[in-house]
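# Summary of the model geometry
Here is how the chains run, residue by residue.
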Amino acid sequence: MTFPARTRTGGFPIGVRRGWGAWQRDLPAYLAWLRAERFAHVDFGNDGDRCIEAADTAGLPIGTIDLPKWKELLSPDVGKRREAVDAVRAHVASCATRGVRTFMTLMLPEDATCPRKDNFVRMIESYTPIADALEAHGARVGIEGWPGPGALCGSPETLRALFAEIPSPAIGINFDPSHLVRQRIDPARFLEEFAGRIVHVHAKDAEWRAERVYELGIEQPSAFAPPSGYGGHTWRYAIPGHGEVPWVDLLRRLQSHGWTGRVSIELEDENFNGNDDGEQRGFRLARGFLEGC
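Reading the values: the criteria
Residues numbered from 1 in each chain as written. Predicted model: local features only at pLDDT ≥ 70, side-chain atom pairs only at ≥ 80, totals over all residues. Heavy atoms only, no water. Helix = DSSP H or I, 4+ residues; strand = E, 2+ residues; numbered from the N terminus. Polar contact = N/O pair within 3.5 Å; in protein donor to acceptor, adjacent residues only side chain to side chain. Contact = heavy atoms within 4.5 Å. Phe/Tyr/Trp six-rings, centres within 6.5 Å; stacked < 30°, edge-to-face > 60°. Buried < 20%, exposed > 50% of the residue type's maximum accessible area, 1.4 Å probe, protein only. Lys NZ or Arg CZ within 6 Å of the ring centre and 35° of its normal. Core = buried A, V, L, I, M, F, W, Y, C linked by side-chain atoms within 4.5 Å. Expected span 1.5 Å × (residues − 1). Arc of directions from axis to C-beta. Axes fitted to C-alpha atoms, helices over the stretch in contact; angles between N-to-C directions. Parallel < 35°, antiparallel > 145°, perpendicular 65-115°, else oblique. Nonpolar A, V, L, I, M, F, W, Y, C, P; charged D, E, K, R; others polar. Pairing = 2+ DSSP bridges. Salt bridge = Lys/Arg side-chain N within 4 Å of Asp/Glu carboxyl O.

## A few points about the side chain of histidine 41
- With respect to the helices, strands and loops of the structure, histidine 41 is situated in the loop between α2 (27-36) and β2 (42-44).
- One polar contact links histidine 41 to arginine 262, side chain to side chain, over a distance of 3.4 Å.
- Within the structure, histidine 41 has its side chain in polar contact with the backbone oxygen of valine 263 (distance 3.3 Å).
- Apart from the residues lying within four places of it in its own chain, the contact partners of histidine 41 are Pro13, Ile14, Gly15, Val16, Leu60, Pro61, Ile62, Gly63, His200, Arg262, Val263 and Ser264.

## A look at the packing of aromatic side chains
- Counted by the stated rule, this structure contains 12 aromatic pairs.
- Taking 5.0 Å as the distance between ring centres and 80° as the angle between the ring planes, the aromatic pair formed by tryptophan 23 and tryptophan 33 counts as edge-to-face. Of this pair, tryptophan 23 sits in helix α1 (residues 22-25) while tryptophan 33 sits in helix α2, and the two are 10 residues apart along the sequence.
- For tryptophan 23, a relative accessible area of 10% corresponds to the buried category.
- Grouped by ring-pair contacts, the aromatic residues Trp23, Tyr30, Trp33, Phe39 and Phe283 constitute a single cluster.
- In this structure, arginine 184 packs its charged tip against the face of tryptophan 208, placed 4.0 Å from the ring centre.
- Positioned above the aromatic ring of phenylalanine 163, the side-chain terminus of arginine 197 is 4.0 Å from the ring centre.

## Here we look at the nonpolar core
- Counting 85 residues, the largest nonpolar core has Met123, Tyr127, Leu162 and Ile171 as its most contacted members.
- Looking at this core, the element that brings in the most residues is helix α5 (residues 116-136), giving seven residues.
- Residue contacts for leucine 162: discarding those within four places in its chain leaves Phe120, Met123, Ile124, Ile143, Cys153 and Ile171.

## Section: helix α4 (residues 78-96)
- If you check α4, its first and last C-alpha atoms are 27 Å apart, about what 19 residues at 1.5 Å a residue would give, namely 27 Å.
- Every buried residue of α4 is listed here: Arg81, Ala84, Val85, Val88, His91, Val92, Cys95 and Ala96. Relative to the axis of α4, the buried residues are bounded by an arc of 130° and lie together on one face. Among the exposed residues of α4, those oriented more than 90 degrees off its buried face are Arg82, Glu83 and Asp86.
- In this structure, the buried side of α4 is in contact with α3 (52-58), β3 (62-66), β4 (102-105) and α5.
- Two to three positions downstream of the cap, the backbone nitrogen of glycine 79 sits 2.8 Å from a side-chain oxygen, assigning the N-cap of α4 to aspartate 77.

## Looking at the packing of helix α6 (residues 156-165) against helix α8 (residues 187-194)
- Contact geometry for α6 and α8: axes closest at 12 Å, N-to-C directions at 5°. Compared by their axis directions, α6 and α8 come out roughly parallel. The segment α6 lies against α8, with Pro156, Leu159, Arg160 and Phe163 engaging Phe190, Glu193 and Phe194.
- Split into classes, the residues belonging to the contact of α6 with α8 amount to five nonpolar, no polar and two charged.

## What to know about unusual backbone geometry
- One non-glycine residue, lysine 69, lies in the positive phi region at around 60°.
- Residue position: lysine 69 is located in the loop between β3 and α4.
- Even without being glycine, tyrosine 230 reaches a positive phi, approximately 55°.
- A residue is classified by how much of its surface remains accessible, and tyrosine 230, at 30% relative accessible area, is partly exposed.

## As for the sheet that holds strand β10 (residues 263-265)
- A barrel is described by the order of its strands in space; here eight strands give the closed sequence β1-β2-β3-β4-β5-β6-β7-β10, paired in parallel fashion. Within the sheet, the average angular offset between the axes of one strand and its neighbour, ignoring direction, is 30°.
- With three bridges joining them, strand β1 (residues 14-17) and β10 adopt parallel strand pairing. Paired with valine 16 across the strands is isoleucine 265, a residue of β10.

## Structural notes on the pattern of salt bridges
- For the structure on display, the rule yields 18 salt bridges.
- As a salt-bridge pair, arginine 287 and glutamate 291 come within 3.7 Å of each other at their nearest N and O atoms. Separated by four residues within a single helix, arginine 287 and glutamate 291 lie in helix α11 (residues 276-292), roughly one turn from each other.
- Look at arginine 287 and you get buried, because its relative accessible area is 10%.
- The network of salt bridges with common partners includes Arg17, Asp66, Asp176, Lys204 and Glu266.

This is how it looks when you write it as structure tokens:
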């Protein structure tokens, strides 16, 4: 068994995104477990600037750290947006001077009821100076396309518009094919269009449940049953290999485009989340699957 874990296709390092389970809160023990399990790196949330020293001590590289104040950056309040931009620029500078130059963000509006065009304008106003700060530190940010309420940049339409307005190479994509499968967007076609913008990859799968689709269609929820954990009434997120993402094909495409980044398992699966043993088993199974892809 080799350290660190890598995908068979492309040889991309396999790490994890830190979750919220109680065992993951004990940072030294968590990092020691990741190291013992051969994971190549760890991604942190927006508290990652406070985790850099511990990761360095454990000898585990950091994949990404989240930018702070996602919603405030798209706030209707000009003052809030300016304060958020200043906070993000300081966060980037602090992390970059300590060796972390890859970040993650979501384009989530503070007010999802505002017209999407208005929130798009606010996004451009906030991320233009952020792009300058990232460039100044040789850093990049990847946008994750989670299709939450009012969210932007979860589909080709708004990503194209963003890159037209902010052509800086510092603004890129955190490629998570599970969000595309959930939306019925072809992840292979998406990768071919945006390969040059991919900064980081989240390894998470998505499964459409054919019987539930037959029972409910895709427009309305069930009148009687709850949605899936980490999903909806007709689909769910899953560990890699337990859904519909064509992993080997996507890894081959990344390799063919000369991509050299990192792949991080993001554990959101009702069959594994919720207890320490289940989450650890989920990470191991996902790692083994990706090593064989």
